[in-house]
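Chain and residue survey
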Amino acid sequence: MKKFLFAIVGLILALVAAVLFVPSMIDWNDYKDEISARAKAATGRNLTIGGDIRIAFLPAPALVAGDVRLSNVEGAVASQMARLKSIEVRIALGPLLGGNVQVETINLVEPVIEIEVLADGSSNLEFESGDGGTPAAAAGQAAAPAGDGAGGSGPAVRLDNFAVKNGTLVYRDTKKGAVERFENINARITAISMSGPFESSGSAVVRGVPLNYEVSISEIIQERTVPFSLTLAAQPGGAKLNMSGALVGLTGDPKFKGKVKGEGDKLAGLVRAFAGAGPLPGLLAQGFGFAGDVVASASRIEVKDLALKLGGATASGELSVKLDEAATDIAARLAVGRIDLDKWLALPADNSKPVLPRPVLSATYSAGGSMATINLNPPRAKNKEPAGPAKFALPANIKGSLNASVESVAIKGGIVRQVLARAELSGGEITVSQLSGQFPGGSDVAVFGVVAAGEGQPQFEGEVEVSASDLRGVLRWLGAA
């Protein structure tokens, strides 16, 4: 009986040893074609592994593969949707034996991801099975168990460390001709479960501007609402943005509801980072800030309790933006306190150099096994006369209204009080229904009319009303003898 038991134990140990040690002795590179075929059947895309594949079970299950490429959908600009220098996955052995998945490490080294909206409106994120049937993403959603705390039978999944090293994300809208690049992405993501909570931090370069971020996402509530907080910090101007709130209506019309707050040491640095080099007015070389309660969706943005700050000047109000393909409609109401315009005009111009040069828009593609880059910026004209001043024009696809009041403006040693402005932009014209103020010398000025572009220059047609109780005082303030 003892010999039989010993034989059984020995057989079990031999099987365990085979399961644990044999995979490390197999040359998995011989199975590349089979792996590619299975990927093709699941996604309809070609998966190519140019480097070595290593699989081991001790001391923990691990997969390492180099030079991994996934082909793009037909008609896309880039021939490959994803490229990775290497990928490494390690899973904790103990939880796996208990039926749970604890991913200790996922390392993506130098990934390049191309997301593209094609001319027909379709996206390369839509996968199809190899037989041309139901898209893989939709089939997976229909067949996957809820699991992970959602009432299904799937195993619990925990993600300890998902790392992206020196990644690149390219978003391309072929229909609109837009290209956005997120480069030098270095990020770390952790998740208690696949339904949250999630935490991530990292850095990236967007349009040539270095950004750092931290985001915390709570557990998804009933698959419809997810609370989150986000902090973004940009090096130019010491700018910092904080967002806290929730994404609601995830299954229908998603919206963000929460608070947004931003501040920085120097507005000029932020403007220069996104608009390029060049001298900027000294008033922009001041600290700035903004805050408000925001409700935002794909079609509308509303900001209540808006608070603005530039230097020592403050303003409050509200903002509404309606986004539409035909026209964007903007409505703003602002109440401004005291502005010391004399002080602002005395500030020296900001001639600081940008932290990084303006970004170059480019498209990357693969041909003949090698990578190449196309510069999408228009070529500079050679041997031509310098371009003249830009012609004045008002956008015809933007509608807007402004209702603003300024308590007082210090200018030329005097005070302009109760400045009121009401104007509307529509059809490429600005209709000024009121622009008035109380000037020094007991004078009142009111302007009504229309501002439009004529022969490349701004033209005003309307009425100006001026009354003064002390004309001599007005002239002294204007510096006239």
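Keep in mind it's a predicted model, so treat the numbers as computed, not measured.

The next point concerns the environment of Ala-191. Here Ala-191 lies in strand S8 (residues 178-191). Note on Ala-191: relative accessible area 3%, which makes it buried. Sequence separation between Ala-191 and Phe-162 is 29 residues; the distance between their C-alpha atoms is 8.9 Å. Ignoring any residue separated from it by four or fewer positions in sequence, one finds Ala-191 in contact with Arg-158, Leu-159, Pro-197 and Phe-198.

With that out of the way, let us pick up the layout of surface pockets. Here the largest pocket defines a volume of roughly 500 Å³. Along the wall of the largest pocket there are 19 residues; nearest its centre are Ile-185, Ala-187, Ser-200, Tyr-213 and Val-215. Residue contributions to the lining of the largest pocket peak at six residues, all from strand S9 (residues 198-206). Grouping the amino acids of the lining of the largest pocket by side-chain chemistry returns 15 nonpolar, three polar and one charged.

With respect to the element layout, Val-109 can be found in strand S5 (residues 101-109). Considering only alpha carbons, one finds Val-109 and Ala-163, 54 residues apart in sequence, at a separation of 8.4 Å. Here Val-109 is in contact with Leu-84, Lys-85, Ser-86 and Lys-165, once residues within four sequence places are set aside.

A regular strand carries its side chains on alternate faces of the sheet. Where strand S2 (residues 53-56) lies against strand S3 (residues 62-71), four bridges are found, and the strand directions are antiparallel. Opposite Ala-56, over in S3, you have Ala-62 as the bridge partner.

All chains considered together, the criterion is met by 12 salt bridges. With a shortest N-O distance of 3.9 Å, Lys-85 and Glu-110 are connected by a salt bridge. Of the two residues, Lys-85 is situated in strand S4 (residues 80-91) and Glu-110 in the loop between S5 and strand S6 (112-117); the sequence distance between them amounts to 25 residues. Assessed through its relative accessible area of 35%, Glu-110 is described here as partly exposed. The partner of Glu-114 in a salt bridge is Arg-172, and the shortest N-O contact between them spans 2.9 Å. Linking Glu-114 in strand S6 with Arg-172 in strand S7 (residues 157-173), this pair joins segments that are 58 residues apart in sequence. Here Glu-114 and Arg-172 have matching classes, each one buried.

In total, this model carries two aromatic pairs according to the counting rule given. Arranged with centres 5.6 Å apart and planes meeting at 55 degrees, the rings of Phe-228 and Phe-256 form a pair that is tilted. Placement of Phe-228 in strand S11 (residues 226-234) and of Phe-256 in strand S13 (residues 255-264) is noted, with a sequence separation of 28 residues between them. For Phe-228, a relative accessible area of 15% puts it in the buried group.

Next up on the list: a nonpolar patch on the surface. There is a patch of nonpolar side chains on the surface, built from Ile-220, Leu-247 and Leu-250 and spanning about 200 Å² of accessible area. Looking at the secondary structure, you find Ile-220 in the loop between strand S10 (209-217) and S11.

Below, the discussion takes up the confidence of the model for the protein chain. Taken as a whole, the protein chain shows an average pLDDT of 81; of its residues, 80% reach a score of 70 or greater. Within the model, pLDDT remains below 50 along residues 136-147, and this stretch shows 13 contacts once partners closer than five positions in the same chain are excluded. Within the model, the stretch residues 356-382 combines pLDDT values under 50 with 47 contacts to residues more than four positions away or in other chains.

What follows concerns unusual backbone geometry. Of note in this structure, Glu-110 is not a glycine but carries a positive phi near 50 degrees. Of note in the backbone geometry, Gln-418 takes a positive phi value of approximately 50 degrees without being a glycine. With respect to the helices, strands and loops of the structure, Gln-418 is situated in strand S21 (residues 414-426).

The rules behind the values
- Residues numbered from 1 in each chain as written.
- Predicted model: local features only at pLDDT ≥ 70, side-chain atom pairs only at ≥ 80, totals over all residues.
- Heavy atoms only, no water.
- Helix = DSSP H or I, 4+ residues; strand = E, 2+ residues; numbered from the N terminus.
- Buried < 20%, exposed > 50% of the residue type's maximum accessible area, 1.4 Å probe, protein only.
- Contact = heavy atoms within 4.5 Å.
- 1 Å grid on protein atoms, 1.4 Å probe; cavity = no way out; pocket = protein on both sides within 12 Å on 5 of 7 lines; lining within 4 Å.
- Points joined across faces, edges and corners; volume = space filled by probe spheres on them.
- Nonpolar A, V, L, I, M, F, W, Y, C, P; charged D, E, K, R; others polar.
- Pairing = 2+ DSSP bridges.
- Salt bridge = Lys/Arg side-chain N within 4 Å of Asp/Glu carboxyl O.
- Phe/Tyr/Trp six-rings, centres within 6.5 Å; stacked < 30°, edge-to-face > 60°.
- Patch = residues over 30% accessible without salt bridge, like charges linked within 9 Å, V, L, I, M, F, W, Y side chains within 5 Å.
- Areas by Shrake-Rupley, 256 points an atom, 1.4 Å probe, with all protein chains shown as cover.
- pLDDT = per-residue confidence, 0-100.

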